[in-house]
Amino acid sequence: MHSLAGFIGAFGAQALPFAPNQQGRFIHTQHATTVTKATIPSYRSKLWLMSSIQESDSHDTEPSFSTLRVPSSLIPPKELNKSAAVYLVGTGPGDPELLTIKALRLLQQADVILYDRLVSPEILSMASTNAVMVYVGKAKGFHTRTQTEIHHLLRQYASEPSHKVIVRLKGGDPYVFGRGGEEAAYLRSCGIRVYAVPGITSAAGIGADLGIPLTHRGIANGCRFVTGHLKDGMEQAVIGLDSANPKETLVVYMGLGAAKELAEKLVEYGLRSDTPVAAVERGTTSEQRIVFCALDKLEERVQKAKLESPTLIIIGDVVTLSPGWKLRDMDWVERSDLEDQWSDEVEHLKSLEFNNGNVQLAP
């Protein structure tokens, strides 16, 4: 194993935060030059910035500091391991019971798992105890790894002779705003086998959990997914909506920071200012919080509730089909509030008018 001293002298030490699983199992970080272990008391802890570097010669020791961040571009490529494959695995919106059987099997077979910030500790706890765990999460204003570095890490792990199954673990679905397509294209260009394992995308999982059908005959004949996290701003995200369709459900991923601009643009493009909206923080989890409101109140209400990322925004008349819509005057709605509301669902449905199978909103 090469000494860290040369790298520290050449590049300086920059530590990375790590997020262990629910059991507090050691989370490993491995580069071509060194292997260390790091542990942090809780997944919920703030991102800790470790200031020290400790070299480790094996997995049998337990140094308490994170590893040196070596620019991946400086790691020399190795000969490809022809038996290795990378799996881009979606974990769904958060509820571990929504994980697919195939995803669970790969977690238990994985030699290496590179996982994102939105993967829950419950899902991480299902991974093989022998897997090398690498945190590559991104938060607004703080990325532990650039996308290019993640590409290079995937290449490096796939080049190790002992690695057969490398799992790139993502929240939601890897091909719905998950940058899975970029990673797949890069790996294929390197001659590495890559497969995608779909996950329940947040729009479908959260909508179903709240009783919001994304399409519904007579109310919404289509659905559109957009992201509010664009370099070119929300105007590019809603391009093509200049003649907004009130019969279409709009789902905005990563749009919390652009709530004001989003609402203004959609009203400008023709949506009613009172179009129903649900803004859902940590959907399908026990920590779920929802704000139900009208479109023109979106920014005010999410700020009052102090919603945080990840928050999904569902816009359209289908939102009123959720039993939680009756709780829209609350500052926010928690899962326990919804459980109480389910018992009143029959009365809620009586407030709707049915016409040959079509549901029409009662006045």
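About the criteria used
- Residues numbered from 1 in each chain as written.
- Predicted model: local features only at pLDDT ≥ 70, side-chain atom pairs only at ≥ 80, totals over all residues.
- Heavy atoms only, no water.
- Pairing = 2+ DSSP bridges.
- Helix = DSSP H or I, 4+ residues; strand = E, 2+ residues; numbered from the N terminus.
- Contact = heavy atoms within 4.5 Å.
- Axes fitted to C-alpha atoms, helices over the stretch in contact; angles between N-to-C directions.
- Buried < 20%, exposed > 50% of the residue type's maximum accessible area, 1.4 Å probe, protein only.
- Parallel < 35°, antiparallel > 145°, perpendicular 65-115°, else oblique.
- Left-handed = near helix turned anticlockwise from the far one by under 90°.
- Nonpolar A, V, L, I, M, F, W, Y, C, P; charged D, E, K, R; others polar.
- Polar contact = N/O pair within 3.5 Å; in protein donor to acceptor, adjacent residues only side chain to side chain.
- Salt bridge = Lys/Arg side-chain N within 4 Å of Asp/Glu carboxyl O.
- Phe/Tyr/Trp six-rings, centres within 6.5 Å; stacked < 30°, edge-to-face > 60°.
- Core = buried A, V, L, I, M, F, W, Y, C linked by side-chain atoms within 4.5 Å.

1. Comments concerning the sheet that holds strand 11 (residues 248-253)
Right, so step 1: As summarised here, the arrangement of the six strands in space is 10-11-14-12-13-15, forming an open sheet in which the pairing is mixed. At either end of the open sheet lies a strand with only one pairing partner, and these are strand 10 (222-227) and strand 15 (333-334).
Right, so step 2: Direction of pairing for strand 11 relative to strand 14 (residues 311-315): antiparallel, over a ladder of three bridges. Each residue of the ladder has a partner; that of Val252, found in strand 14, is Ile313.
Right, so step 3: Contacts from helix 6 (residues 202-210) reach strand 10, strand 11, strand 12 (276-281), strand 13 (289-294) and strand 14, with the element oriented near 70° to strand 14.

2. Details of the pairing of strand 8 (residues 165-170)
Right, so step 1: In terms of residue burial, strand 8 counts as a mostly covered element, since six of its six residues are buried.
Right, so step 2: By the alternation rule, side chains of strand 8 split into Val165, Val167 and Leu169 and Ile166, Arg168 and Lys170, which are all buried.
Right, so step 3: In the sheet, strand 4 (residues 112-115) pairs with strand 8 via four bridges, with the strands oriented parallel. Within strand 8, the position partnered with Val112 by the bridge is Ile166.

3. Re the packing of helix 8 (residues 259-268) against helix 9 (residues 298-305)
Right, so step 1: Where helix 8 contacts helix 9, the two axes come as close as 8 Å, and the packing angle between them is 160°. Overall, the two elements helix 8 and helix 9 adopt an arrangement that is roughly antiparallel. By crossing handedness, the relation of helix 8 to helix 9 is classed as right-handed. Note on element contacts: helix 9 touches helix 8 through Leu298, Glu299 and Val302, opposite Ala259, Lys260 and Leu262.
Right, so step 2: Of the residues assigned to the contact of helix 8 with helix 9, the class counts are four nonpolar, no polar and two charged.

4. Re the sheet that holds strand 4
Right, so step 1: The sheet built from five strands is open, its strands ordered 5-4-8-3-9 with parallel pairing. The strands lining the two open edges of the sheet, one partner per strand, are strand 5 (132-135) and strand 9 (193-197). If you compare each strand with its neighbour and ignore which way they point, the axes differ by 20° on average.
Right, so step 2: The pairing of strand 3 (residues 85-90) with strand 9 spans five bridges and is classified as parallel. When the sheet's bridge partners are listed, Leu88 is paired in strand 9 with Ala196.

5. A word on the side chain of Glu281
Right, so step 1: With respect to the element layout, Glu281 can be found in strand 12.
Right, so step 2: A distance of 2.5 Å separates the side chain of Glu281 from the backbone nitrogen of Glu308, its partner in a polar contact.
Right, so step 3: Those residues in contact with Glu281 that sit more than four places away from it in its chain are Glu287, Gln288, Arg289, Lys306, Leu307, Glu308, Pro310 and Thr311.

6. Some words on the pattern of salt bridges
Right, so step 1: Applying the stated criterion across every chain yields a total of twelve salt bridges.
Right, so step 2: Across the pair Arg335 and Asp209 runs a salt bridge whose closest N-O atoms are separated by 2.8 Å. Residue Arg335 is found in helix 10 (residues 335-342), and its partner Asp209 is found in helix 6; the two are separated by 126 residues along the sequence.
Right, so step 3: On the basis of relative accessible area, Asp209 is assigned to the partly exposed category, the value being 25%.
Right, so step 4: A single salt-bridge network, built from bridges that share partners, covers Asp116, Arg168, Lys170 and Glu183.

7. Here's the deal with the environment of Thr275
Right, so step 1: When you line up the elements, Thr275 lands in the loop between helix 8 and strand 12.
Right, so step 2: Distance from Thr275 to Cys293, taken between C-alpha atoms, is 8.4 Å for residues 18 residues apart in sequence.
Right, so step 3: Residues in contact with Thr275, not counting those within four places in the same chain, are Cys293, Ala294, Leu295, Ile315 and Gly316.

8. Concerning the packing of aromatic side chains
Right, so step 1: A complete count under the given rule lists five aromatic pairs for this structure.
Right, so step 2: Summarising the aromatic geometry, the rings of Tyr115 and Tyr135 are spaced 5.5 Å apart at their centres and angled 50° between planes, so their arrangement reads as tilted. Placement of the pair is Tyr115 in strand 4 and Tyr135 in strand 5, with a sequence separation of 20 residues. Like Tyr135, Tyr115 is buried.
Right, so step 3: With a centroid separation of 6.3 Å and an interplanar angle of 85°, the aromatic rings of Phe292 and Trp325 are classed as edge-to-face. Within this pair, whereas Phe292 is found in strand 13, its partner Trp325 is found in the loop between strand 14 and strand 15, the two being separated by 33 residues in sequence.

9. Quick look at the packing of helix 4 (residues 147-159) against helix 5 (residues 180-189)
Right, so step 1: Contact geometry for helix 4 and helix 5: axes closest at 10 Å, N-to-C directions at 45°. Relative to helix 5, the element helix 4 lies oblique. As for the relative orientation of helix 4 and helix 5, their crossing is right-handed in sense. For the pair helix 4 and helix 5, the contacting residues are Gln147, Ile150, His151, His152, Leu154 and Arg155 in the first and Glu182, Glu183, Tyr186 and Leu187 in the second.
Right, so step 2: Taken together, the residues that form the contact of helix 4 with helix 5 break down as four nonpolar, three polar and three charged.

10. A closer look at the nonpolar core
Right, so step 1: Grouped together as the largest cluster of nonpolar side chains are 22 residues, with contacts concentrated most on Leu210, Ile212, Val251, Ala278, Ile290, Phe292 and Val319.
Right, so step 2: Mapped onto this core, the elements with two or more residues apiece are helix 6, strand 11, strand 12, strand 13 and strand 14.
Right, so step 3: Residues contacting Ala278, with those up to four places away along its chain left out, are Ile212, Ile290, Val291, Phe292, Leu312, Ile313, Ile314 and Val319.

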